[in-house]
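# Tertiary structure, described
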Amino acid sequence: MTELPGSRHSAFQVLSGMLSLPAGARVGIGPGLAALVLVAIVVASICAPLYVPHDPLAMDAMARLRPPSSEHLLGTDPYGRDIFSRVMTGGRVSLLIGVGAAIVSVTVGLAIGLVAGFFRTVDGIVMRIMDSLMAIPAILLAIALVALNGPSLGSVIIAITVPEVPRVVRLVRSVVLSAREEPYVEAAIALGSSMPKILLQHLMPNTLAPLIVQGTYICASAILIEAILSFLGAGVSTEIPTWGNIMAEGRSYFQIKPGLIFWPGLLLSLCILCINLLGDTARDLLDPRMKKREG
Amino acid sequence: MIAYILKRLLATIPVLLIVAIFVFLLLRLTPGDPAAILAGDAATPAQLERIRDRLGLNDPLHVQFFTWFGQMLQGDLGTSLISNTDVVDMVAARLGPTINIALMTIVISVLLAVPMGVIAAWRHRTWIDVAVMSFSVLGFSVPVFVIGYILIQIFAIELRWVPVQGYAAPTDGVGAFFSRAILPSLTLATIYIALIARMTRASMLEVLGEDYVRTARAKGVRENVVLFRHALRNAAVPILTIIGTGFALLISGVVVTESVFNIPGIGRLTVDAILARDYPVIQAMILLTAGIYVMVNLVVDVSYSFFDPRIRY
């Protein structure tokens, strides 16, 4: 079997495009700063158990709702737990859900999108199903899925993934639809390459660049949706601190202890802001046409 | 035009049908027995069996689906498992607050976001442009409820301009309505403004480089006429599209905002129903919101030709 270099080459181009900047591309100070802040938040969250002064789950009935002090940097919550320790530890699960949901959505969406884009026979049915899924508001679908499957980490990731998949499928399908008309794909079909090989080796590399961009956006929106799910009482079990959970518990104490919502809210917003900025930068670098459009 | 609208209406039928099947299966195939919820903890197996029989839960799946679907087509969405009231009545009673807040949000968003986007594009690469884009990126990054609590903290607790929470219908007095509806509407509007302003700016930037804009300026047309009559009209289609697709964000936002501000609308109704596993209400609400979403986008598609006469159906 003759090897067709075309698709290999484009995959290589994609990766090199990611790592080294194309000629003329200018990246301001913004994305660098965003990356720095994001790395700081991620490292601080992962290493939280090493440096937080208190057990984030340890309750103390004698020290409820304390103001910030040297012992409790941000004060304590209604159960006497240290807010600083909880907020720093809470980032771990929130970030895990973000990354997990992005990976699962992109993988599942990629598989469905490749098949839908290449085989005309399934395309119609699959896309009608995707249109229908997109018509259901993401939050409602996600709450329903968590309420029905139980408040575990896995079910929250699935609940966030299901509404995101149709968007990924649409993206992959549109790329595949145009790529399958390319000569190298026709040549691969004519040479009798196996179907999995055509899909994975010739068509999939075309989808990588837009998928990386889409993945960052999904990661940001997953962290947001986790917070909203917890806030509405349909998130991860309240025994595990997440940014969303801490804010949800702060609801009833908002007027006495606004920090319970503001501190996790600040870290979470900062985190999403950085991910979105990096996503925008990646998009501009990978697709100069969009850069021109957005200015 | 009419033929196009009819064709589009027909095309929504399979979408809504798949939504219906999906919602139906979702609720039937997941663990959790509605009969057990209805009967309470002390129910005997015989009681459970009677309730299952009454609800038709013992019939085969497809029989259940067609029974439910047939009733739905006749406008009968069933009765709530929890409060035992008619679902149509429940939704109707809660629709008012949500519609009022949503309308106010859309008006605020469009009135603020479109000029913001136009000015950002007009003053491209100046501090105004940077400010609008920064607001836009920030609007996407802060959770809706955090925005709500920040607004409550500033305007209700510190400044005491408006009540903290609650809702009053417009019939209770215009002042009472606005003072309670303004914060929820602003909260909801933030992300919508971010979305529309960003799209308006991008779309305007493209149009402002066109020859007819230069011609209009060259023949001395006033700048605001150039911007709003020549350029904005040509930039309208992507803006309208994003207003339509962004409607899903609005529906999601309503659910959260109504919880923050204690508004008795359909968002709260839905969350409470889902958490209590009130199946008939969940089915009705997901179908209703999906239907609204599809219809809004149909209206948006039809309105293209109003703004851009080159588009004909």
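Residues numbered from 1 in each chain as written. Chains lettered and ligands numbered in written order. Predicted model: local features only at pLDDT ≥ 70, side-chain atom pairs only at ≥ 80, totals over all residues. Heavy atoms only, no water.

## Focus on the overall build of chain B
Worth spelling out the cut-off: Only DSSP runs of H or I reaching four residues or more are called helices, and only runs of E reaching two or more are called strands; each is numbered from the N terminus. We call a residue buried when its accessible area falls under 20% of the maximum for its residue type, exposed when it is over 50%, and partly exposed in between, using a 1.4 Å probe and counting protein chains only. The contact criterion used throughout is that any non-hydrogen atoms of two residues lie within 4.5 Å. Accessibility throughout is a Shrake-Rupley quantity obtained with a 1.4 Å probe, and a residue counts as covered only by protein chains that appear here. As used throughout, the charge tally considers Lys and Arg to be positive and Asp and Glu to be negative, leaving His and the chain termini uncounted. By convention, charge coordinates are those of NZ in Lys, CZ in Arg, CG in Asp, or CD in Glu.
Scanning chain B for helices and strands turns up 14 helices and zero strands. Summarising its shape, the C-alpha atoms of chain B cover approximately 85 × 55 × 35 Å along the three principal directions. Taking all 313 residues of chain B together, the buried fraction comes to 49%. Contacts spanning at least 24 positions in sequence make up 74% of the contacts within chain B whose residues lie at least 6 apart. Within the structure as shown, chain B displays about 14,900 Å² of accessible surface, and the carbon and sulfur contribution to it stands at 66%. If you average the places of the 23 positive and of the 20 negative side-chain charges in chain B, the two averages end up 13 Å apart.

## Quick notes on the confidence of the model for chain A
Interpretation of this model should avoid reading the predicted coordinates in detail wherever pLDDT is low. Residue and element names in this part refer to chain A. Filter applied, for reference: How sure the predictor is of each residue is captured by pLDDT, a score from 0 to 100.
Per-chain confidence: chain A averages 83 in pLDDT, with 87% of residues scoring 70 or above. Within chain A, no element has a lower average pLDDT than helix α1 (residues 5-19), which sits at 45, and none a higher one than helix α4 (residues 83-118), at 93. This model gives residues 1-25 a pLDDT under 50, and the stretch forms 28 contacts once residues within four places in sequence are excluded. Here residues 290-295 is a poorly scored stretch, pLDDT under 50, and it has 16 contacts once near neighbours within four places are set aside; other chains count.

## Notes on the packing of aromatic side chains
For clarity, the threshold we go by: Centres within 6.5 Å are what make two rings of Phe, Tyr or Trp a pair, Trp counting through its six-membered ring; a difference in plane orientation under 30 degrees is then read as stacked, over 60 as edge-to-face, and the rest as tilted.
For the coordinates displayed, the defined rule picks out 13 aromatic pairs over all chains. Relative to B:Y149, the ring of A:F254 has its centre 4.4 Å away and its plane inclined at 40 degrees; by these criteria the two rings are tilted. Pair noted here: A:F254 is in the loop between α10 (243-250) and α11 (259-286) and B:Y149 is in helix α7 (residues 144-158), and the two residues belong to different chains. The class for A:F254 is buried, based on a relative accessible area of 4%.

## Quick look at the domain arrangement of chain B
Rule in force here: Each domain's extent is set by a domain assignment, obtained either automatically or from a database.
The domain architecture assigned to chain B consists of domain 1 (23-76) and domain 2 (97-307). Using only C-alpha atoms to locate each centre, domain 1 of chain B and domain 2 of chain B end up separated by 39 Å.

## Looking at the interface of chain B and chain A
A common way to state how big an interface is: give the accessible area lost once the parts meet. Rules: Two parts placed together each lose some accessible area under a 1.4 Å probe, and adding up what both lose gives the buried area. By definition, a salt bridge exists where a carboxyl oxygen of Asp or Glu is found within 4 Å of a side-chain nitrogen of Lys or Arg. Nitrogen and oxygen atoms within 3.5 Å of one another constitute a polar contact, given that in protein one can donate a hydrogen and the other can accept it, and given that sequence-neighbouring residues count only through two side-chain atoms. Residues were grouped as follows: Ala, Val, Leu, Ile, Met, Phe, Trp, Tyr, Cys and Pro as nonpolar; Asp, Glu, Lys and Arg as charged; and all remaining residues, including Gly, as polar.
With 50 residues of chain B at the contact, the number on the chain A side is 45 residues. A combined buried area of about 4,000 Å² lies between chain B and chain A, and 73% of that area is made up of carbon and sulfur atoms. Joining chain B to chain A, the criterion identifies one salt bridge. Of the charged contacts in the structure, one is a salt bridge between A:D280 and B:R198, with a shortest N-O distance of 3.4 Å. Across the contact surface, chain B and chain A share two residue pairs in polar contact (both at pLDDT 80 or more). Only α1 (2-29), α6 (127-141), α7, α8 (174-208), α12 (247-260), α13 (266-275) and α14 (279-307) of chain B provide two or more residues apiece to the side of chain B that touches chain A. Its residues assigned to classes, the side of chain B that touches chain A shows 36 nonpolar, eight polar and six charged.

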